[in-house]
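# Understanding the architecture of this molecule
Residues per chain are reported as follows:
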Amino acid sequence: MTVVDLMSEAKMNVELRSKAIEKGRYELYNCFQCMRCTSGCTSMKLLELKPHQIVTMVKLGLIDELITSGIIWTCAMCLKCTERCPQDAAPSDLITVLRNLAFDMEANVPEAYLKVVSTVLEVGLIQEEQKVTSRDFEIYDRKELNLPKISKPGEIFKNNLLILLTPEED
Amino acid sequence: MEIGVYWGCMILTSQYAYEMSLREVLPKFDISIIDIDQVSCCGTPIKNVNQKAAIYLAVRNLALAEKIGIDELLVPCNGCYLSFSEALHYWKKDDILKRELGSLLAEEGLEFNGNIKLWHTVDFLHDKIGVEKIKAAVKKSLNRLKFVTHPGCHILRPSTIVNVDDPEKPRKLDNLLKALGAESIDYPEKLDCCGGGLLLSHSESALTIAGLKLKAIKSLNVDGLVVSCPSCKIMLGAKQEAVGAIVGEKFGIPVLYYTQLLGLALGIEEEKLGLHLNQSPVEKIIEKLT
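Residues numbered from 1 in each chain as written. Chains lettered and ligands numbered in written order. Predicted model: local features only at pLDDT ≥ 70, side-chain atom pairs only at ≥ 80, totals over all residues.

### Structural notes on the overall build of chain B
As a reminder, the rule being used: Put simply, DSSP marks the helices as runs of H or I at least four residues long and the strands as runs of E at least two long, and each gets a number from the N terminus on. In this description the radius of gyration comes from C-alpha coordinates, and the expected globular size is given by 2.2 Å times residues to the power 0.38. Remark: residues whose backbone-derived C-beta atoms lie within 7 Å of one another are considered to be in contact.
Regarding its fold elements, chain B presents 13 helices and eight strands. Its C-alpha atoms give chain B a radius of gyration of 19 Å, near enough to 19 Å, the size a compact globule of 290 residues would have. In terms of overall dimensions, chain B has C-alpha extents of about 55 × 45 × 30 Å along its principal axes. Taking all contacts inside chain B whose residues are at least 6 apart in sequence as the whole, residues at least 24 apart take part in 79%.

### Brief notes about the overall build of chain A
Applicable threshold: The burial label depends on the number of other C-beta atoms within 10 Å of a residue's C-beta. Counts of 20 or more mean buried, 12 or fewer mean exposed, and intermediate counts mean partly exposed, with C-beta atoms placed from the backbone.
Check the secondary structure of chain A and you find nine helices and two strands. In chain A, the order of α-helices and β-strands from amino to carboxyl end is α-α-α-α-α-α-α-α-β-β-α. Computed over its C-alpha atoms, the radius of gyration of chain A comes to 20 Å, more than 25% above the 15 Å expected for a compact globule of 170 residues. With the C-alpha coordinates aligned to their principal axes, the bounding extent of chain A is approximately 60 × 40 × 30 Å. Burial status across chain A gives 39% buried among its 170 residues.

### Quick notes on the interface of chain A and chain B
Heads up, the rule is: Any residue that is not Ala, Val, Leu, Ile, Met, Phe, Trp, Tyr, Cys, Pro, Asp, Glu, Lys or Arg is counted as polar, Gly included; the first ten are nonpolar and the last four charged.
Listed per partner, the contact involves 49 residues of chain A and 45 residues of chain B. Listed by contribution, the elements that provide at least two residues to the side of chain A that touches chain B are α3 (44-47), α6 (80-84), α7 (91-104), α8 (111-123) and α9 (155-165) of chain A. Broken down by element, the residue count for the side of chain A that touches chain B peaks at six residues, all from α9(A). Partitioned by chemical class, the residues of the side of chain A that touches chain B number 28 nonpolar, 13 polar and eight charged.

### Quick look at the sheet that holds strand β8 (residues 255-257) of chain B
Residues and elements named next belong to chain B. Operational definition: Note on pairing: DSSP must find at least two bridges between two strands before they are called paired. The axes used here are C-alpha line fits, helices contributing only the stretch in contact, and every angle between their N-to-C directions lies in the interval 0 to 180 degrees.
Within the open sheet, the four strands sit side by side as β6-β5-β7-β8. Their pairing is parallel. Strands with a single pairing partner mark the edges of an open sheet, and in this sheet they are β6 (183-184) and β8. Both strand β5 (residues 146-150) and β6 contribute to a ladder of two bridges, which runs parallel. What sits directly across from F147, in β6, is S184. Across the face of the sheet, helix α12 (residues 258-265) comes into contact with β7 (224-227) and β8 while running at roughly 80° to β8.

### Considering the domain arrangement of chain A
Formally: Domain borders in the structure are assigned automatically or taken from a domain database.
Domains assigned within chain A are domain 1 (14-104) and domain 2 (111-165). Measuring from the centre of the C-alpha atoms in domain 1 of chain A to the corresponding centre in domain 2 of chain A gives 31 Å.

### Thoughts on the packing of helix α7 (residues 121-137) of chain B against helix α8 (residues 172-179) of chain B
Residues and elements named next belong to chain B. Cut-off, in case you're wondering: Throughout this description, any angle smaller than 35 degrees is read as roughly parallel, any larger than 145 degrees as roughly antiparallel, any in the 65 to 115 degree range as roughly perpendicular, and the remainder as oblique. For any helix crossing, the convention is left-handed if the near helix is rotated counterclockwise from the far helix by under a right angle, and right-handed if that rotation is clockwise.
At a closest axis distance of 10 Å, the pairing of α7 and α8 adopts a crossing angle of 30°. Here α7 lies roughly parallel to α8, going by the angle between them. Here α7 and α8 pass one another in a crossing that is left-handed. Here V122, D123, L125, H126, V131, I134 and K135 of α7 come into contact with α8, specifically with K172, L173, N175, L176 and A179. Of the residues that constitute the contact of α7 with α8, the class distribution is seven nonpolar, two polar and three charged.

### Some thoughts on the sheet that holds strand β4 (residues 117-119) of chain B
Residues and elements named next belong to chain B. Here we have four strands laid out as an open sheet, ordered β2-β1-β3-β4, and parallel in their pairing. If you trace the sheet from one side to the other, it starts and ends with β2 (32-35) and β4, each paired once. Neighbouring strand axes in the sheet, compared pairwise and without regard to direction, differ in orientation by 40° on average. In the sheet, strand β1 (residues 2-5) pairs with β2 via four bridges, with the strands oriented parallel. Among the inter-strand pairings, E2 is bridged to a residue of β2, identified as S32.

Now the structure itself:
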């Protein structure tokens, strides 16, 4: 997966860049491209995620390219980059900000993420209580395992979450 | 003492063995559990689409705990633990966020003061109960067993937010294992991620990442792998066969929650610890113990 064709004439989007930085952190300007983030990145080998490139692209204002490319969804959120960054640029935090922008702009968010959001809105949890199968193929639910009943959140919670998830008008 | 527990979605809806084993082992140290009603998702999956909404979920759950008088909260899932720790961090330094989310909380008659102490299972057992006390409580030593540990990313990083001893060389889970008489060996892949964070967007890569870790562990000839996070447990344990099919290997590595091993060492029956629910071949461990 490539982020952007470097021979293209991608233009900086100053407005989106300020939005990304406002939501994130200014420390990304301290990045001096030491690539510690990329050298330890969980997703680098298999999915070619290069966090140092993402930091530079945000600096250059190439936000449209980032949020439509799909590369921001290749991060496993192991947070090694943020831990190891000597300049506090926190690439994983930046990726979260870009994911949030992609959601607000309805740009290429993987279906499975949207599904989790709708389940949390509906159920309050990421999924309904599951029945589980033991190694000798017996099926159990919480009650059969003597675990207490799950108590779920109510309507006010769901309404508030929905309000927060609705993108703000500019 | 009493401690509040926020279990989180994965434990409440499918990873029952973690809940069962914690409910069994804590009373052995004179700790009783307080459950919290009406809790929701911790915010972790929501953070990907809206960070503020994720913080709302986190502080709402924490406010529910505060409301019933909980001042120390055990959060056994790594993901939930980081979500709450981060939310607490932002809440303390952002007054605008406090006002905005505070008014949403007020609609449910909730108020969040931010005076809650968060504990992950590993930190709670290691720092609060203490290794010596655990050692003294062991009835059945696990001294014939050799393990590797996988603490899981979100209790290690970012070290500015979580309660880790050393983010590049974490020892707590290993110390806890040694307290049971077992051996814990170091391996270069210890800090490698389980891949769980990629399951939603790139499932095959997620399984491959788990596979690389399991391959490394297999070559060590240990009796099993010890985890403390439900997501890691699913990736490295429940999905072990699927992972094996992708990377072309038959693993057969027993994967257990530390609390299950602790329960065994305290002499608690296997069934009460949910050991029949582990999908990996944990009977190998039990056979070695008898």
